[in-house]
Amino acid sequence: SNTRNIISKSDGLDSRISWSLELGEGHAGAAVKYGRVYILDYDEDTKVDILRCFSLSDGEELWQIGYEVSIKRNHGITRTVPAVSDSFVVTIGPRCHVMCVNAFTGELIWGLDLERDFGVKVPLWYTGQCPLIDGSDAVIAVGGKEILMMGVDLSTGDVSWQIPNSADWKMSHSSVIPMEFFGTRQYVYSAVGGMVAVSAEKENLGELLWTSNIWSHSVIAPTPLQLNDNRIFVTAGYSAGSMLLQLEKNESGYSIHELQQVTPAEGIASEQQTPIYNDGLLCAVLPKDAGVY
């Protein structure tokens, strides 16, 4: 099917569908908060990228806001889930447009065109990066000509911190994820070119902590996973397989090294979806070149 559906099921044993809605082509999921459903949609007739807000209880559309942009089908169009806080909603559209709006009224607060403003190369299959709201900032992995990652003030749209893109890494389809190592919160990102971690602590917010090209592939969609303590699991498609990494800290800073690497036929891997880690177990949607288990 070329359409998506949002479905809310009523309480009760019969699980009757209380409402459903046809959307444009894509893979973007919905975010739900305070009884509202937020989803990024694309109207191919009017060529408008739209953030839509619905009532969870009855499916009534409460508001929508969008912008004109010409997007062709490319194995679907929309791919990202909005980030929602108590007051704000942040989206990243297929062609790297970032939008921040009031979560209750839909009023535009600010917008950015990452391709135009920061020299970003739109990923091969459009933007797959889901934005992150943390504290008063939206955290965006730019992968532009000068900036690799940045924090944008939710209220003003001003860049509150940034790290340079000295190695000229590119935006991947992966998302920025908070992790905590050795008592320090970090924003970890797997770019096309390598991995990077930035401090998420107030006293040194935005400080570059470590980088590594030990895991570097041309197409990366899954987000890195912290397993426990100081181990990180990464995976990608196109025969990349997966890798288990270990982060260490000493007086001179951080270092990261490989514990294990496997091909898709040898172990667990995923091409598009981020695996789930729970109770010491990894669950993943395997790629087509996976082995038989």
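Not measured: the values here are computed from a predicted model.

How each quantity is defined
- Sequence positions are assigned chain by chain, starting from 1 and proceeding in written order.
- Under the rules for a predicted model, residues below a pLDDT of 70 receive no local features and side-chain atom pairs below 80 are neither given nor counted, while totals for whole chains, interfaces and linings still include all residues.
- Heavy atoms throughout the structure, all of them, feed into the side-chain values; hydrogens and water do not.
- By the convention used here, strands pair only if DSSP detects at least 2 bridges between them.
- Only DSSP runs of H or I reaching four residues or more are called helices, and only runs of E reaching two or more are called strands; each is numbered from the N terminus.
- Cavities and pockets were defined on a 1 Å grid built over protein atoms only: a cavity is a set of grid points that admits a 1.4 Å probe from which the probe cannot escape, a pocket is an open set flanked by protein on both sides within 12 Å along at least five of seven lines, and lining residues are those with an atom within 4 Å of any such point.
- Grid points are joined across faces, edges and corners, and a volume is the space filled by probe spheres set on the points.
- The classification used treats Ala, Val, Leu, Ile, Met, Phe, Trp, Tyr, Cys and Pro as nonpolar, Asp, Glu, Lys and Arg as charged, and all other residues, Gly among them, as polar.
- In this analysis, rings of Phe, Tyr and Trp, with Trp reduced to its six-membered ring, are considered paired at centre separations within 6.5 Å, and the interplanar angle assigns stacked below 30 degrees, edge-to-face beyond 60, and tilted for intermediate values.
- Relative accessibility under 20% of the residue-type maximum defines a buried residue, over 50% an exposed one, and the middle range a partly exposed one, all with a 1.4 Å probe and only protein chains included.
- Residues grouped as a nonpolar core are buried Ala, Val, Leu, Ile, Met, Phe, Trp, Tyr and Cys residues, joined through side-chain atoms within 4.5 Å.

(A) Looking closely at the sheet that holds strand β9 (residues 97–102). Ordered by their spatial adjacency, four strands build an open sheet running β7-β8-β9-β10, and the pairing between neighbours is antiparallel. Across the chains shown, the open sheet's two edge strands, defined by having one partner strand only, are β7 (83–84) and β10 (108–113). Here strand β8 (residues 88–92) runs beside β9; their pairing, made up of five bridges, is antiparallel. The residue of β9 that forms the bridge with Val89 is Val101.

(B) Spatial organisation of the layout of surface pockets. Empty space within the largest pocket amounts to approximately 600 Å³. Looking at the largest pocket, it is lined by 21 residues, and the ones nearest its centre are His27, Arg79, His173, Ala221 and Gln272. Taken together, the residues of the lining of the largest pocket sort by class into eight nonpolar, 11 polar and two charged. Of the residues that constitute the lining of the second largest pocket, the class distribution is six nonpolar, three polar and two charged.

(C) Structural view of the packing of aromatic side chains. Following the criterion strictly, the structure yields six aromatic pairs and no others. Relative to Phe104, the ring of Tyr34 has its centre 6.4 Å away and its plane inclined at 15°; by these criteria the two rings are stacked. Of this pair, Tyr34 sits in the loop between β3 (31–33) and β4 (36–43) while Phe104 sits in the loop between β9 and β10, and the two are 70 residues apart along the sequence. Phe104 sits in the partly exposed class, given a relative accessible area of 40%. Centroid distance Trp161 to Tyr187: 6.0 Å. Interplanar angle 5°. Geometry classified as stacked. Here Trp161, found in strand β14 (residues 159–164), pairs with Tyr187, found in strand β16 (residues 184–191); they are 26 residues apart in sequence, far enough to count as distant. The same class applies to Trp161 and to Tyr187, which are both buried.

(D) Quick look at the nonpolar core. By size, the foremost hydrophobic cluster in this structure holds 53 residues, and its most contacted members are Leu51, Leu114, Met149, Met150 and Tyr187. Among the elements that line this core, the one with the most residues is strand β13 (residues 147–153), at five residues. Residues Phe181, Val188, Ile220 and Ala236 belong to the second largest nonpolar core, which totals 18 residues.

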